[in-house]
Amino acid sequence: MSVRITSLPSGLKVVTHDMSHLESAAIGVWVGAGSRFEEDNEHGLSHLLEHMAFKGTKTRSAADIAEEIEAVGGEVNAATSVETTSYYARVLKADVPLALDILSDILRNSVFDAEELEREQHVILQEIGAALDAPEDRVYDIFAEAAFPGQPIGRTILGTAETVKAAASPMLDSYLGRHYRGPAMVIAAAGAVDHDRLVGLAGDALAGLAADTGPAPVAATYRGGEVREERELMESQIMLGFQGIPYGADDFYTAQILSSIVGGGMSSRLFQEVREKRGLCYSIYAFHWSFADTGIFGVHAATGPEDVAELMPVIVDELDRAAGEIADREVRRARAQLRAGLLMTLESPAARAGQLARQILLFGRIIPPDELVARIEAIDADRVRELAARIFGGVPTLASVGPINGMMDRAAIANRLGTRLNG
């Protein structure tokens, strides 16, 4: 596997995975700053900045950016998360220099024109409205807010109508200057890419980046809570969660395996018990989100109002059983699923570039696939059961949108799990 990494004087890192048999490459710039890095008056600014990056630079208009990349058959996009923002492109191998030039231009030379800003604010306000109108999206937002109340990590990535409308060009410049700094940035590319050439191009295109680190985000404190939004809907959206595991913790992959066993697919416990045997919902699954300093384990179910009262006790009982009855065969199946997902990433240039960038930002190094597989294979049923007892014996978070008559409340859930898990 031809993976190489080079650190530039600014602290910016360039990492590549040469897949010379391909004719294309995925390349991007990942920044270790997302929505949890925002000040209170900047709520939504990371996402707004990502939008504005494509709205014109000192040398390119918004139309120029779109036309140049599409003229070579490429595509360019961006994404904002809680802890990172990424700007990426997919092009043929001959056009990697053009892709990097465009990406560096939008990051270094965006002008944040007032008229463009006003238009993009209007677009994001529509995006916020759409999220509020979509119960399946809204429940995730209020779930995070309940888990981490009053903290940036628990706020929506989109921001609010008030904070987005109040944003101005100087705020974007200030945020960019504070957080888009060499040590917090990674250029990652996978596919038909020449590492040495990319390093040279990056050194020229992104010269002058500040070499010191920017401000750290507010530390996260999981608290747990309950939020109910009662609406007249045909379906109830329900989420139950607990404090999870940070990225760097020893049990990070154990938590991933636990979520797979509990609700990771059609063979999972929740799917089989709740949907297949009892028919209590159309959709149910478990997930585990990790962050730098915390995590959250959750279950999401969508069900009809007539099944709300019966659903939650069944979910709680399945979580309880996971702390004492997980079998070796379940762990083997979950390990195989996780291992396959990791190895399949190696076959996609875009997925591989993202994986490389995240590993550099999170761990400061590239973790070889055989090391990842060894970590996964070392996890046994005892370890998964112990983690299940620790997670599900903690403080719950409950969020719901829709008709929820008869649903167990958070205190009843905590009491039921606490009584069973603690004897």
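Before reading further, recall that the structure is shown in the block above.
Quick notes on the rules
Residues numbered from 1 in each chain as written. Predicted model: local features only at pLDDT ≥ 70, side-chain atom pairs only at ≥ 80, totals over all residues. Heavy atoms only, no water. Helix = DSSP H or I, 4+ residues; strand = E, 2+ residues; numbered from the N terminus. Rg over C-alpha atoms; globule rule 2.2 N^0.38 Å. Buried < 20%, exposed > 50% of the residue type's maximum accessible area, 1.4 Å probe, protein only. Salt bridge = Lys/Arg side-chain N within 4 Å of Asp/Glu carboxyl O. Contact = heavy atoms within 4.5 Å.

Caption draft 1: Representation of the overall build of the protein chain within the structure. Along its length, the protein chain carries 16 helices and eleven strands. Its C-alpha atoms give the protein chain a radius of gyration of 23 Å, within 12% of the compact-globule value 22 Å for 423 residues. Overall size of the protein chain, expressed as C-alpha extent along the three principal axes, is 65 × 50 × 35 Å. The proportion of buried residues among the 423 residues of the protein chain is 53%.

Caption draft 2: Local environment of the pattern of salt bridges. The full count for this structure, using the stated rule, is 29 salt bridges. R275 is the partner of E276 in a salt bridge, and the nearest nitrogen-oxygen pair spans 3.8 Å. By relative accessible area, which is 46% here, E276 ends up partly exposed. R275 sits in the partly exposed class, given a relative accessible area of 30%. Each of R60, E68, D101 and D105 takes part in one network of salt bridges that share partners.

Caption draft 3: Structural detail: the environment of I142. Summarising the element assignment, I142 is placed in helix α5 (residues 135-147). Separated by 258 residues in sequence, I142 and S400 place their C-alpha atoms 8.2 Å apart. Leave out the neighbours within four places in its chain, and I142 touches V227, E229, A399, S400 and V401.

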